[in-house]
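Chain and residue survey
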Amino acid sequence: MKQFKDPEFMGQFIDRYRDMRNLWEVKNPLYRNKPARKASLEKLLQFVKTQVPDADIKFVEKKIGSSRSTYRKELNRVQDSMRSGAAAKDVYVPSLWYYNRMQFLEDQMETRESLSTLPSTLPSTPAEASKDQPGPSILEEVEESSWSQEDLSQDEALECGTQEEA
């Protein structure tokens, strides 16, 4: 697999991947078209086989995934360093050699806003839970009736007594 990591080959692979917009651009009309995606992956596979003769579609998909993942990590580091209010000299400089080549993915890497699955009526802190709200607060303990062995024995005896009477 060393052949794949050759910077010249990897650069050409990334350039070919960039040209196949239906593999990475979510708004591309062919993005969800499985036959079109498969055809594009087959083209990439033919290119990869020049360096890795025993490669298959799964191999190409894994290489795309790992490249994107590595790029995403570097991008997040850069964005986090900018958000922290750091001076220009303190902004993280990516160490990934193909970072600039993969910048076409930057607008595809936006994280979606998460949605809460909790009902909005629940208090988020104990201070927000007030006495006039119906029902117990999330943080209040619910009392459980504990049954001792003695209680169970008495209940069993009562049960047996009522069965004998019948």
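Residues numbered from 1 in each chain as written. Predicted model: local features only at pLDDT ≥ 70, side-chain atom pairs only at ≥ 80, totals over all residues. Heavy atoms only, no water.

**Structural notes on the overall build of the protein**
When its secondary structure is counted, the protein shows four helices and zero strands. Shown N-terminal to C-terminal, the secondary structure of the protein runs as helices and strands in the order α-α-α-α. Split by element, the accessible area of the protein, about 13000 Å² in all, is 50% carbon and sulfur. (Helix = DSSP H or I, 4+ residues; strand = E, 2+ residues; numbered from the N terminus. Areas by Shrake-Rupley, 256 points an atom, 1.4 Å probe, with all protein chains shown as cover.)

**Brief notes about the side chain of E25**
Take E25: it is sitting in the loop between α1 (7-19) and α2 (34-48). Residue class for E25 comes out buried when judged on its relative accessible area of 18%. Not counting the four nearest positions on each side in its chain, E25 is found in contact with Y31 and Q108. (Buried < 20%, exposed > 50% of the residue type's maximum accessible area, 1.4 Å probe, protein only. Contact = heavy atoms within 4.5 Å.)

**A few points about the packing of α2 against helix α3 (residues 57-83)**
Packed helices, taken two at a time, are described by the angle their axes make and the gap between the axes. As a packed pair, α2 and α3 sit with axes 9 Å apart at the nearest point and diverge in direction by 95 degrees. Here α2 is positioned roughly perpendicular relative to α3, judged by the angle of their axes. Each of L41, E42, L44, L45 and V48 in α2 lies in contact with α3, whose residues at this interface are I57, F59, V60, E61 and I64. Here the residues of the contact of α2 with α3 sort into eight nonpolar, no polar and two charged. (Axes fitted to C-alpha atoms, helices over the stretch in contact; angles between N-to-C directions. Parallel < 35°, antiparallel > 145°, perpendicular 65-115°, else oblique. Nonpolar A, V, L, I, M, F, W, Y, C, P; charged D, E, K, R; others polar.)

**Examining α2**
Look at α2: 20 Å from first C-alpha to last across 15 residues, which is about the 21 Å you get at 1.5 Å a residue. Next to the buried residues of α2 lie α1 and α3. (Expected span 1.5 Å × (residues − 1).)

**Quick notes on α1**
If you check α1, its first and last C-alpha atoms are 18 Å apart, about what 13 residues at 1.5 Å a residue would give, namely 18 Å. Those residues of α1 that fall on the buried side of the exposure criterion are F9, M10, G11, F13, I14 and Y17. Looking at the buried side of α1, the elements it contacts are α2 and α3.

**What about the pattern of salt bridges?**
Side-chain pairs of opposite charge can arise where the charged atoms are in close proximity. This model, assessed by the stated rule, comprises four salt bridges. R18 is the partner of D15 in a salt bridge, and the nearest nitrogen-oxygen pair spans 3.0 Å. Note that D15 and R18 are positioned in helix α1 at a spacing of three residues, about one turn of the helix. Owing to a relative accessible area of 29%, R18 belongs among the partly exposed residues under this scheme. Between R101 and D15 there is a salt bridge, and its shortest N-O distance comes to 3.2 Å. Here D15 lies in helix α1 and R101 lies in the loop between α3 and α4 (149-165), a separation of 86 residues in the sequence. Several salt bridges converge on common partners, so that one network encompasses D15, R18 and R101. (Salt bridge = Lys/Arg side-chain N within 4 Å of Asp/Glu carboxyl O.)

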